[in-house]
Amino acid sequence: MLIGDVWLCSGQSNMEWTVRDSHHPARELADVDLPLVRLLNVPRRAERFPATDVGGEWTGVSRASAEAFSAVGFFFARQLHRETGIPIGIISACWGGTSAEAWTPIKGLGSAESLLHLARDAQLDPDISPIGPHVDRGNAGEPNGWAESTAPGQWSPMTLPTTWQR
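To keep things clear, this report deals only with the structure shown in the data block.

Parameters and conventions
Numbering of residues starts from 1 in every chain and runs along the sequence as written. Since the coordinates come from a predicted model, pLDDT governs what is reported: local features require at least 70, and pairs of side-chain atoms require 80 or more to be given and counted, while whole-chain, interface and lining totals use all residues. Heavy atoms from the whole structure form the basis of all side-chain values; hydrogens and water molecules are not counted. In this text, helices come from DSSP runs of H or I with a minimum length of four residues, and strands from runs of E with a minimum of two, each type numbered from the N-terminal end. Summary of the burial criterion: residues with accessible area below 20% of their type's maximum are buried, those above 50% are exposed, and those between are partly exposed, where the area comes from a 1.4 Å probe applied to protein chains only. Residue contacts follow a heavy-atom distance rule, with two residues in contact if any of their heavy atoms lie within 4.5 Å. All accessibility values rest on the Shrake-Rupley procedure with a 1.4 Å probe; residue burial counts only the protein chains present in the view. Salt bridges are defined as contacts in which a side-chain nitrogen from Lys or Arg sits within 4 Å of a carboxyl oxygen from Asp or Glu. Here the rule is simple: two strands pair whenever DSSP picks up at least two bridges between them. Simply put, an axis is a line fit to the C-alpha atoms, just over the touching stretch for a helix, and the angle between two N-to-C directions goes from 0 to 180 degrees. Counting of polar contacts relies on pairs of N or O atoms within 3.5 Å, with two restrictions inside protein: one atom must be capable of donating a hydrogen and the other of accepting it, and residues adjacent in sequence are counted only when both atoms are side-chain atoms.

## Describing the overall build of the protein
- Each helix and strand in the protein was counted, giving 6 helices and 4 strands.
- The secondary structure elements of the protein, listed N-terminal to C-terminal, are β-α-α-β-β-α-α-β-α-α.
- Across the 166 residues in the protein, those meeting the buried criterion constitute 27%.
- Within the protein, contacts between residues at least 6 apart in sequence are counted, and of these 68% link residues at least 24 apart.
- Total accessible area on the protein stands at roughly 11,700 Å², and carbon and sulfur atoms take up 57% of it.

## Quick look at the pattern of salt bridges
- Per the stated rule, a full pass over the model turns up 2 salt bridges.
- Note that Arg 44 and Glu 16 form a salt bridge whose closest N and O atoms lie 2.0 Å from each other. Placement of Arg 44 in the loop between strand 2 (37-41) and strand 3 (59-60) and of Glu 16 in helix 1 (residues 13-16) is noted, with a sequence separation of 28 residues between them.
- Residue Arg 44 is classed as partly exposed on the basis of its relative accessible area, which comes to 47%.
- For Glu 16, a relative accessible area of 27% puts it in the partly exposed group.
- One salt bridge connects Arg 78 with Glu 28, and the closest N-O pair in it is separated by 2.9 Å. Here Arg 78, found in helix 4 (residues 71-84), pairs with Glu 28, found in helix 2 (residues 25-29); they are 50 residues apart in sequence, far enough to count as distant.

## Observations concerning the sheet that holds strand 4 (residues 88-94)
- Read across the open sheet, the 4 strands follow the order 1-4-2-3; overall the sheet is mixed. Bordering the open sheet on either side are strand 1 (5-11) and strand 3, each of which pairs with just one other strand.
- Here strand 2 runs beside strand 3; their pairing, made up of 2 bridges, is antiparallel. Counterpart to Leu 39 in the pairing with strand 3 is Thr 59.
- The sheet contacts of helix 4 involve strand 1, strand 2 and strand 4, and relative to strand 4 the element is tilted by about 165 degrees.

## Description of the pairing of strand 2
- With 5 bridges joining them, strand 2 and strand 4 adopt parallel strand pairing. Bridged to Arg 38 within strand 4 is Gly 89.

## A short note on the side chain of Ser 70
- You can see Ser 70 is positioned in the loop between helix 3 (63-67) and helix 4.
- With relative accessibility at 2%, the residue Ser 70 sits in the buried group.
- Engagement of the side chain of Ser 70 in a polar contact is seen with the backbone oxygen of Met 15, the distance being 2.7 Å.
- Contact partners of Ser 70, with chain neighbours within four places excluded, come to Cys 9, Met 15, Glu 16, Trp 17, Thr 18, Val 19 and Ser 92.

See the structure below:
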């Protein structure tokens, strides 16, 4: 048994990026002798309500476990452990491509006027949820003429970098 710090790294694609996909993975994985660091990858599973058990299994750091882990999470845990000597547990709960609303409790969605429809839909229909599959409500822009203002022949020149508004 270890007693130390446990950290959660959570987010979308940037947090999900693995050590295997990082710059110089072979060099980063050459020395994975970190006996006091533990990793936990939370399996992807959409839930309508907070879960009491997310699954997954704590593992020690090995080349295989580290290369498949969040690069940000692994590098953070490694650096923190090297600086403090404290045992570190790092939990990766990442899901690239998910919307921010998917990570927001239904109660939180109901507190923002622009998100009320998501909260209402999630409460009325169990098959429609901000954390479940995206429901395509159709293209409202085209019937409203939005495509006409962005026809390729009507585009203005743009010098980059700049803001979209310019």
